[in-house]
Amino acid sequence: MSRLISAMKLDIKVQIRNHLYVIGIGFAVFLAILLSQLTSPSQLYTVIPVMTLLVIGGSTLLYVAAMILLEKGERTLHAVVVTPLQTSQYLGAKIGSLTLLATLESLFMIVGLMAIMRLSGPILWPNGFILVGGILAIAIIYILIGIILVVRFNKITDFLVPMSGVAILLQLPFLHFLNIVQHPLFLFIPTSAQTLWMQGAFVPLSVGEWCYALGYTVLCFVGLFIWAKSAFHKHVIQKVR
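Engineer: Got a minute to help me understand the overall build of the chain in this structure?
Structural biologist: Counting its secondary structure elements, the chain contains 10 helices and 0 strands. Scaling as 2.2 N^0.38, a compact globule of 241 residues should have a C-alpha radius of gyration of about 18 Å, and the chain matches this with 18 Å. Dimensions of the chain along its principal axes, counting C-alpha atoms only, are 60 × 35 × 35 Å. Across the 241 residues of the chain, 50% fall into the buried class. If you take every contact in the chain between residues at least 6 apart in sequence, the share linking residues at least 24 apart comes to 78%. Accessible surface for the chain amounts to roughly 11,700 Å². Of this, 71% is attributable to carbon and sulfur atoms. Of the side chains in the chain, 14 bear a positive and 6 a negative charge, and the two mean positions are spaced by 9 Å.

Next comes the structure, spelled out in structure tokens:
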């Protein structure tokens, strides 16, 4: 546990040094101001989950790439392989530190948007516990998928095209939640469950919807973590050794 915490603290320091917090929070504030002019309080139950899916999810993929490709470029990963830090601890540190960054970015966007709207009149605030839980969940999904993808590349330019394709696929559920295209196949995309979860912070969900949102999220966590660990071992550890 001490190795995991130490690795997480180091990741956070690297993220601060590379201005990821400044970029993320600054972008979130800008987005809050923009959305306050484009939407209304009655649409928040849809707008906030969808914007978290689209914008925060996309930026999280880039943060994952920035961190791991930086470590590859500086050959930090070569040092990690020969240290006592286990693969699961390394991945846990990345998940923990980047989830913190993505959550702060999301909360600055959401709280900023709602605070601006509150100046014009009363609004219905969401259930904070449920909302934060959904944000944490979708951040972890994006981080795990980002790790699975980025360990295969050494340059950001090589990563951007496949990342864009994966990001589009993960963001497709916005069509379903905005009622543009209604189809059950959207619900098989991993990010659908967490988007519904966040929506549950604003409007009541049925028991079946909660079972799907929570159950499918846990299933995706387990499957994606196993896949990320395997991909890291294949594309990083085996190549170093």
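After presenting the structure, the write-up continues.
Engineer: Would you mind showing me how to read the packing of aromatic side chains here?
Structural biologist: Given two aromatic rings, one states the distance between the centres and the angle between the planes to describe the pair. Evaluation of the coordinates by the stated rule reveals 3 aromatic pairs. Ring centres of tyrosine 212 and tyrosine 216 lie 5.7 Å apart, and the angle between their planes is 20 degrees; this geometry places the pair in the stacked category. Here tyrosine 212 and its partner tyrosine 216 are both found in helix 10 (residues 207-240), 4 residues apart, which amounts to about one turn of the helix. With a relative accessible area of 19%, tyrosine 216 lands in the buried category.

Engineer: Any chance you could explain helix 7 (residues 156-171) here in plain terms?
Structural biologist: The periodicity of an α-helix, 3.6 residues per turn, causes residues three or four positions apart to be oriented the same way. End to end, helix 7 covers 21 Å across 16 residues, agreeing with the expected 22 Å (1.5 Å per residue, within 8%). Where helix 7 bends most, the angle comes to about 30 degrees, and this point is proline 162. All buried positions along helix 7 are accounted for by Phe159, Met163, Ala167, Leu170 and Gln171. Those residues of helix 7 that are buried lie in contact with helix 3 (44-73), helix 6 (128-150), helix 8 (173-177) and helix 9 (190-199).

Engineer: So what exactly am I meant to see when it comes to the side chain of threonine 191 here?
Structural biologist: Counting through the fold element by element, threonine 191 comes out in helix 9. In this view, threonine 191 contacts Leu53, Ile138, Ile141, Tyr142, Leu170 and Pro173; residues no more than four positions away in its chain are not counted.

Engineer: Hey, could you run me through unusual backbone geometry in this one?
Structural biologist: Phi is mostly negative for residues that are not glycine, and the peptide bonds are mostly trans. At histidine 19, a residue that is not glycine, the phi angle is positive and equals roughly 65 degrees. Turning to its location among the elements, histidine 19 is positioned in the loop between helix 1 (2-17) and helix 2 (20-38).

Engineer: Can you help me understand the pattern of salt bridges in this one?
Structural biologist: Two side chains of opposite charge can pair, provided their charged atoms sit close to one another. Inspection of every chain in the model, using the stated rule, returns 1 salt bridge. Linking aspartate 11 and lysine 94 is a salt bridge whose minimum nitrogen-to-oxygen distance equals 3.0 Å. Of this pair, aspartate 11 sits in helix 1 while lysine 94 sits in helix 5 (residues 87-118), placing them 83 residues apart in sequence. For the pair formed by aspartate 11 and lysine 94, the shared burial category is buried.

Engineer: Explain the side chain of aspartate 11 to me, please; I cannot follow it from the model alone.
Structural biologist: You can call aspartate 11 buried: its relative accessible area is 5%. Ignoring any residue separated from it by four or fewer positions in sequence, one finds aspartate 11 in contact with Met67, Glu71, Ala93, Lys94 and Ser97.

About the criteria used
Residues numbered from 1 in each chain as written. Predicted model: local features only at pLDDT ≥ 70, side-chain atom pairs only at ≥ 80, totals over all residues. Heavy atoms only, no water. Helix = DSSP H or I, 4+ residues; strand = E, 2+ residues; numbered from the N terminus. Rg over C-alpha atoms; globule rule 2.2 N^0.38 Å. Buried < 20%, exposed > 50% of the residue type's maximum accessible area, 1.4 Å probe, protein only. Contact = heavy atoms within 4.5 Å. Areas by Shrake-Rupley, 256 points an atom, 1.4 Å probe, with all protein chains shown as cover. Lys, Arg positive; Asp, Glu negative; His and termini not counted. Charge placed at Lys NZ, Arg CZ, Asp CG, Glu CD. Phe/Tyr/Trp six-rings, centres within 6.5 Å; stacked < 30°, edge-to-face > 60°. Expected span 1.5 Å × (residues − 1). Bend = angle between axes of the 7 residues up to and from the residue. Salt bridge = Lys/Arg side-chain N within 4 Å of Asp/Glu carboxyl O.

None of the figures reported here should be taken as evidence of function without further support.
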